[in-house]
Amino acid sequence: QVQLVESGGGLVQPGGSLRLSCAASGTGFSINFMAWYRQTPGKQRDLVASMPSGGGTNYADSVKGRFTISRDNAKNTVYLQMNSLKPEDTAVYYCYARIKAGLGQYQYWGQGTQVTVSS
C-alpha cells in the first residue's frame, strides 16, 4: 500500500513564499507521474504543475514563472516551490501520483494541505 503524505501549507502574506512537500511511502513501487492540484470550495480540482518520471514540467498559466515543481527520486518526494504568492492562490493543495506496482498502475492522492494567502 502506498501513501502520499503532504506538508508545508500555511498562512502567508501576499508576495511571500511557501514550499510544499509530498512523500510517497511504501515498498515495491515506482512512480511514473507526480503532480500538484488545488481546489477551492465549490470548484473543481485543477492541475497546478506536473512532472512525469521521464522529465519535463508543465504548469498552469496562472502560476507560470512563480511556482516550480521538482522531484527527488531517491526520496520518492515531489516539491512545489511557490513564490510571489497571490490571494487567488488560496486553496487546498493536493499531491497526485500515478504509480506502478506489480503488473498494475494505480492513482493516489495526498490528504491535502491548506494554503492561505492573506494580509
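Here, every reference points to the structure presented above.
All of these numbers come straight from a predicted model, not from anything done at the bench.

Participant: Please give an account of the sheet that holds strand S1 (residues 3–7) that cites residues and values.
Facilitator: Spatially, 4 strands are ordered S1-S3-S8-S7 in an open sheet, and the strand pairing comes out antiparallel. At either margin of the open sheet sits one strand with a lone partner, and together these are S1 and strand S7 (67–72). Mean inter-strand twist for the sheet, computed between neighbouring axes without regard to direction, equals 15 degrees. For strand S3 (residues 18–25) and strand S8 (residues 77–82), the ladder comprises 6 bridges, and the chain directions are antiparallel. Residue pairing in the sheet places Cys 22 in a bridge with Val 78 of S8.

Participant: Go over the pattern of salt bridges with me, naming the residues and quoting the values.
Facilitator: Enumeration according to the criterion identifies 3 salt bridges in this entry. We note a salt bridge from Asp 89 to Arg 38, for which the minimum N-O separation is 3.0 Å. Here the residue Asp 89 occupies a position in the loop between S8 and strand S9 (91–101), and Arg 38 occupies one in strand S4 (residues 30–39), the gap between them amounting to 51 residues. Here Asp 89 matches Arg 38 in class, with each residue buried. The salt bridge involving Arg 66 is made with Asp 89; its shortest N-O contact spans 2.7 Å. Placement of Arg 66 in the loop between strand S6 (58–59) and S7 and of Asp 89 in the loop between S8 and S9 is noted, with a sequence separation of 23 residues between them. By relative accessible area, Asp 89 is classed as buried at 1%. Each of Arg 38, Arg 66 and Asp 89 takes part in salt bridges that share partners, so that together they form one network.

What counts and how
- Residues numbered from 1 in each chain as written.
- Predicted model: local features only at pLDDT ≥ 70, side-chain atom pairs only at ≥ 80, totals over all residues.
- Heavy atoms only, no water.
- Pairing = 2+ DSSP bridges.
- Helix = DSSP H or I, 4+ residues; strand = E, 2+ residues; numbered from the N terminus.
- Axes fitted to C-alpha atoms, helices over the stretch in contact; angles between N-to-C directions.
- Salt bridge = Lys/Arg side-chain N within 4 Å of Asp/Glu carboxyl O.
- Buried < 20%, exposed > 50% of the residue type's maximum accessible area, 1.4 Å probe, protein only.

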